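So the chains spell out like this:
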Amino acid sequence: TQLLEQSPQFLSIQEGENLTVYCNSSSVFSSLQWYRQEPGEGPVLLVTVVTGGEVKKLKRLTFQFGDARKDSSLHITAAQPGDTGLYLCAGAWGSQGNLIFGKGTKLSVKP
Amino acid sequence: DVKVTQSSRYLVKRTGEKVFLECVQDMDHENMFWYRQDPGLGLRLIYFSYDVKMKEKGDIPEGYSVSREKKERFSLILESASTNQTSMYLCASSLDRQLDEQYFGPGTRLTVT
């Protein structure tokens with residue numbers, strides 16, 4: 001059974017701080033995606049990483065896929081209150097386009 | 001932009017009622033998915049479909065069924081709602097099996113009393 005472990009589960013920081021969220025597994029994934037979900041809404045896709053060692057940047061967000069394609073990290077620079085939300089990682093496996101989701105990191109950025 | 005819509009944002013039903021949750025996507029995606037999301041348990045896959053009239057069980061199909069009569073529409077059916085089916089239900093779609101990026105609807109918060 002594939003599992004994706006996210007850490008930390010909860011993170012509360014002040015505006016302007018930096019943070020990193022981790023997503024780890026013992027399984028190899030063909031790709032890994034990061035989503036952000038606001039309360040009462042569905043997850044919104046932020047990025048997909050496919051190649052081991054790949055780094056993608058989305059404004060103040062930096063995503064990295066581990067060399068062995070088993071883990072990933074999300075780094076946010078100078079966090080803002082608008083970054084508040086639940087961050088989910090999801091690994092793709094198999095041939096049917098299914099995803100395994102981590103349980104998420106709930107981020108709160110206080111002004 | 002991909003748009004996935006769900007028939008209701010909030011729904012309150014009584015135990016034993018038959019409940020229909022509908023999902024429509026407008027981007028000609030092949031794959032569609034139904035998840036439920038509960039605190040501490042994350043997203044769990046109920047059913048998915050990769051073609052019209054095709055369906056596959058996910059991790060927690062018990063108590064649910066699905067219908068996909070048209071490519072753009074995927075319905076989740078609770079045959080006899082129970083209180084342990086109170087949850088947030090999320091529908092998602094993806095282009096095809098090779099491209100697994102999923103696009104989610106806004107969710108339906110279902111309460112069964």
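Structure's up top.
How each quantity is defined
- Numbers given to residues run from 1 along each chain, matching the order in which its sequence is written.
- Labels are handed out in written order, letters beginning with A for the chains and numbers beginning with 1 for the ligands.
- Local features in this predicted model are restricted to residues of pLDDT 70 or higher, and side-chain atom pairs are both shown and tallied only at a pLDDT of 80 or more, whereas totals for entire chains, interfaces and linings draw on every residue.
- Heavy atoms throughout the structure, all of them, feed into the side-chain values; hydrogens and water do not.
- The definition used for a disulfide is geometric: two cysteine sulfur atoms within 2.5 Å.
- Runs of H or I in DSSP of at least four residues are treated as helices and runs of E of at least two as strands, each being numbered from the N terminus.
- Type-normalised accessible area, obtained with a 1.4 Å probe on protein chains alone, sets the label of each residue: buried when under 20%, exposed when over 50%, and partly exposed for intermediate values.
- By the convention used here, strands pair only if DSSP detects at least 2 bridges between them.
- Angular values range over 0 to 180 degrees, each being the angle between N-to-C directions of two axes fitted as lines to C-alpha atoms, with helices fitted over their stretch in contact.
- Only buried residues count toward a nonpolar core, which is a set of Ala, Val, Leu, Ile, Met, Phe, Trp, Tyr and Cys residues joined through side-chain atoms within 4.5 Å.
- Any two residues whose heavy atoms approach within 4.5 Å are treated as being in contact.
- Note: buried area is the sum, over both parts, of the accessible area (probe 1.4 Å) each one loses when the two are combined.
- When a carboxyl oxygen of Asp or Glu lies within 4 Å of a side-chain nitrogen of Lys or Arg, that pair is called a salt bridge.
- Throughout this description, a polar contact denotes any pair of N or O atoms lying within 3.5 Å of each other; where both atoms belong to protein, one of them has to be capable of donating a hydrogen while the other can accept it, and for residues adjacent in sequence the pair is counted only when both atoms sit in side chains.
- Residues are grouped as follows: Ala, Val, Leu, Ile, Met, Phe, Trp, Tyr, Cys and Pro are nonpolar; Asp, Glu, Lys and Arg are charged; all remaining types, including Gly, are polar.

(A) Broad picture of the state of the cysteines. Under the definition given, this model contains two disulfides over all chains. Between the sulfur atoms of C23 of chain A and its disulfide mate C89 of chain A the distance is 2.0 Å. As the torsion about the S-S bond is roughly 80°, the C23 of chain A-C89 of chain A disulfide counts as right-handed. In this pair, C23 of chain A sits in strand 3 (residues 19-24) while C89 of chain A sits in strand 9 (residues 85-93), placing the two residues 66 residues apart along the sequence. Grouping residues by exposure puts C23 of chain A and C89 of chain A together as buried. Across the disulfide from C23 of chain B sits C91 of chain B; the S-S distance is 1.9 Å.

(B) Up close: the sheet that holds strand 1 (residues 4-6) of chain B. All names here are of chain B. The strand order across the open sheet built from four strands is 1-3-8-7, with neighbouring strands paired in antiparallel fashion. With one partner strand each, in any of the chains shown, strand 1 and strand 7 (64-70) form the two edges of the open sheet. Taking the axes of each pair of neighbouring strands and ignoring which way they run, one obtains an average angle of 20° across the sheet. Pairing analysis gives six bridges linking strand 3 (residues 19-25) to strand 8 (residues 73-78), with the strands arranged antiparallel.

(C) Seen up close, the nonpolar core. Among the nonpolar cores identified, the biggest contains 21 residues, and L19, L32, W34, L74, I76 and L107 of chain A are the most heavily contacted of them. At the level of elements, strand 3, strand 4 (31-37), strand 5 (44-49), strand 7 (61-65), strand 8 (71-76), strand 9 and strand 11 (105-110) of chain A are the ones that each hand at least two residues to this core. The residues touching I76 of chain A, leaving out its near neighbours within four places in the chain, are E17, N18, L19, R60, L61, D83, Y87 and L107 of chain A. Grouped together as the second largest cluster of nonpolar side chains are 20 residues, L21, C23, Y64 and V112 of chain B included.

(D) Expanded view of the pairing of strand 9 of chain A. Residues and elements named next belong to chain A. Counting buried positions along strand 9 yields eight of nine residues, so the element is predominantly enclosed. Of the pairings in the sheet, the one linking strand 4 to strand 9 comprises seven bridges and is antiparallel in character. Looking at strand 9, one finds that R36 is bridged to Y87. Note: strand 9 against strand 10 (residues 98-101), four bridges, orientation antiparallel. Bridging from a neighbouring strand, A92 pairs with L99 of strand 10.

(E) Up close: the interface of chain A and chain B. Across the boundary between the two partners, chain A contributes 21 residues, which contact 23 residues of chain B. Summed over both sides, the interface of chain A with chain B buries roughly 1,700 Å², with 50% coming from carbon and sulfur. Connecting chain A to chain B are one salt bridge. As a salt-bridge pair, R9 of chain B and E41 of chain A come within 3.2 Å of each other at their nearest N and O atoms. Linking chain A to chain B there are seven residue pairs in polar contact (both at pLDDT 80 or more). Those elements that provide at least two residues to the side of chain A that touches chain B are strand 4, strand 5, strand 9 and strand 10 of chain A. Among the elements that line the side of chain A that touches chain B, the one with the most residues is strand 4 of chain A, at four residues. Counted by class, the side of chain A that touches chain B contains eight nonpolar, eleven polar and two charged residues.

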